Amino acid sequence: MAHHLYRMHRRLKLKVLPAIERSTNPTAAAENGVVAESAAFRVVAVATHPVDSDTRAMQANGHSVYGVAKRCFDLIFALLLLCFCSPIWLTAALLVKLTSAGPLLYGQTRCGRGGRHFTCYKFRTMHDGAHERRHELLHMNEMSGPVFKVPNDPRVTAIGRRLRKLSIDEIPQLLNVLRGEMSIVGPRPAIPEEVAQYTPRQLGRLGVKPGLTCLWQVSGRSSIGFERWMELDLEYIARRSFWYDLRIVLRTVPAVLSGRGAY
């Protein structure tokens with residue numbers, strides 16, 4: 001297999017991802033761009049054009065500078081938000097605990113860069129045990145693709161609905177940013193069950209760290225269909241730069257205050 005992958009690498013750009021769900025149909029796997037897989041990894045062809053060594057060197061240098069600047073911005077901005085928003089998240093924490101039974105925080109397994117799993121934190125906005133009731137609401141899903149979103153989800157608490165409207169429930173994800181699992185700007189982290197249904201092109205959104213806000217977030221969030229959502233994430237990855245990230249952060253403020261597409 002190693003020789004086979006080496007020859008493929010000479011002709012294709014390959015992406016190695018954790019095998020979230022091993023293919024059982026070899027023909028279907030080939031159609032989806034899977035060139036090799038094992039119990040631990042899946043190798044997907046994501047491009048078919050050669051890149052010369054000078055171009056690769058320029059891209060690597062540019063991305064390394066951007067990566068350092070982005071990480072510094074993530075750390076500084078996350079710490080500042082935690083400090084200045086402390087009255088907000090302390091109030092939210094108190095309301096969550098006083099108005100419904102269950103833990104303060106909700107941790108869910110999400111896929112990070114390269115498909116690596118991590119625990120993504122949020123203030124709990126649903127009644128305890130809500131995940132077990134998800135199958136009862138599948139007929140109410142209004143989102144296309146593998147994503148599950150219900151506008152008036154009966155599992156959401158009264159306080160939780162308000163926290164979601166202003167994205168206050170996502171403040172604990174600043175801890176994920178500080179731990180290096182997320183960034184301030186990047187595609188929103190998806191759950192493994194959704195990623196397992198991605199096309200090879202959509203898997204490209206796993207090439208960067210997930211973020212608190214993104215192009216999809218400032219363009220309408222859940223009012224946007226799944227296919228367009230994926231295209232916006234891939235567009236961000238292709239255009240990403242420090243200044244582009246800053247523009248998205250600035251656009252996030254009015255987007256959050258408007259509450260458009262948030263539920």
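Scroll up for the structure.
Residues numbered from 1 in each chain as written. Predicted model: local features only at pLDDT ≥ 70, side-chain atom pairs only at ≥ 80, totals over all residues. Heavy atoms only, no water.

Participant: Account for the overall build of the protein chain, with residues named and values stated.
Facilitator: The number of helices and strands found in the protein chain is 9 helices and 7 strands. Within the protein chain, the fraction of its 263 residues that count as buried is 44%. Considering only residue pairs separated by 6 or more positions, the protein chain has 68% of its internal contacts joining residues 24 or more positions apart. (Helix = DSSP H or I, 4+ residues; strand = E, 2+ residues; numbered from the N terminus. Buried < 20%, exposed > 50% of the residue type's maximum accessible area, 1.4 Å probe, protein only. Contact = heavy atoms within 4.5 Å.)

Participant: Explain the side chain of Asp245 residue by residue, including any values.
Facilitator: Checked against the element boundaries, Asp245 lands in helix H9 (residues 242-258). There is a polar contact of 2.8 Å between the side chain of Asp245 and the side chain of Tyr66. Setting aside residues up to four positions removed in sequence, Asp245 forms contacts with Tyr66, Lys70, Val185 and Tyr236. (Polar contact = N/O pair within 3.5 Å; in protein donor to acceptor, adjacent residues only side chain to side chain.)

Participant: With reference to specific residues and values, describe empty space enclosed by the protein.
Facilitator: Per the stated rule, a full pass over the model turns up 2 cavities of 30 Å³ or more. Considering only enclosed or pocket space, the second largest cavity measures out at about 50 Å³ in volume. Around the second largest cavity sit Cys111, Pro187, Arg188, Pro189, Ala190, Arg205, Leu206, Val208, Lys209 and Pro210, which together line it. For the lining of the second largest cavity, a count of residues per class yields 7 nonpolar, no polar and 3 charged. (1 Å grid on protein atoms, 1.4 Å probe; cavity = no way out; pocket = protein on both sides within 12 Å on 5 of 7 lines; lining within 4 Å. Points joined across faces, edges and corners; volume = space filled by probe spheres on them. Nonpolar A, V, L, I, M, F, W, Y, C, P; charged D, E, K, R; others polar.)

Participant: An account of the layout of surface pockets is requested, with residue identities and associated values reported.
Facilitator: Quantified by volume, the second largest pocket comes out at close to 940 Å³. Lining the second largest pocket are 39 residues; nearest its centre among them are Gln108, Arg110, Lys122, Lys149 and Arg164. For the lining of the second largest pocket, the elements supplying multiple residues, two or more each, are strand S4 (105-111) and strand S5 (117-123). Sort the elements by how many residues they give to the lining of the second largest pocket and S4 lands first, with 3 residues. By residue class, the composition of the lining of the second largest pocket is 15 nonpolar, 9 polar and 15 charged.

Participant: How would you summarise the pairing of S5 if you had to cite specific residues and measurements?
Facilitator: Where S4 and S5 come together, 7 bridges link them in antiparallel fashion. Within S5, the position partnered with Leu105 by the bridge is Phe123. Connecting S4 to the antiparallel partner S5 that follows it, the hairpin turn spans 5 residues, and Gly114 within it adopts a positive phi of roughly 75°. (Pairing = 2+ DSSP bridges.)

Participant: Please give an account of the pattern of salt bridges that cites residues and values.
Facilitator: This model, assessed by the stated rule, comprises 8 salt bridges. Close ionic contact of Arg155 with Asp153 constitutes a salt bridge, the shortest N to O distance being 2.7 Å. Arg239 is the salt-bridge partner of Glu235, the closest N and O atoms lying 3.1 Å from each other. With Glu235 and Arg239 both in helix H8 (residues 226-239), this residue pair falls 4 residues apart, about one helical turn. (Salt bridge = Lys/Arg side-chain N within 4 Å of Asp/Glu carboxyl O.)

Participant: Let's hear about the state of the cysteines: which residues, and what values?
Facilitator: On inspection of all chains with the given rule, the structure shows 0 disulfides. Free cysteine: Cys83, not disulfide-bonded; nearest cysteine sulfur from Cys85 at 9.5 Å. (Disulfide = S-S within 2.5 Å.)

Participant: Can you explain unusual backbone geometry? Please cite residues and give values.
Facilitator: Positive phi outside glycine occurs at Ser167, with the angle close to 60°. Assignment of secondary structure puts Ser167 in the loop between helix H5 (158-165) and helix H6 (173-178).

Participant: Give a description of the environment of Pro151 that names residues and reports values.
Facilitator: With respect to the helices and strands, Pro151 occurs in the loop between S5 and H5. The class of Pro151 is partly exposed, set by a relative accessible area of 22%. Distance in space between the C-alpha atoms of Pro151 and Asn141 is 8.2 Å, their sequence separation being 10 residues.

Participant: Please give an account of the environment of Ser241 that cites residues and values.
Facilitator: The topology assignment puts Ser241 in the loop between H8 and H9. Between the alpha carbons of Ser241 and Ala69 there is a distance of 9.6 Å; along the sequence they are 172 residues apart.

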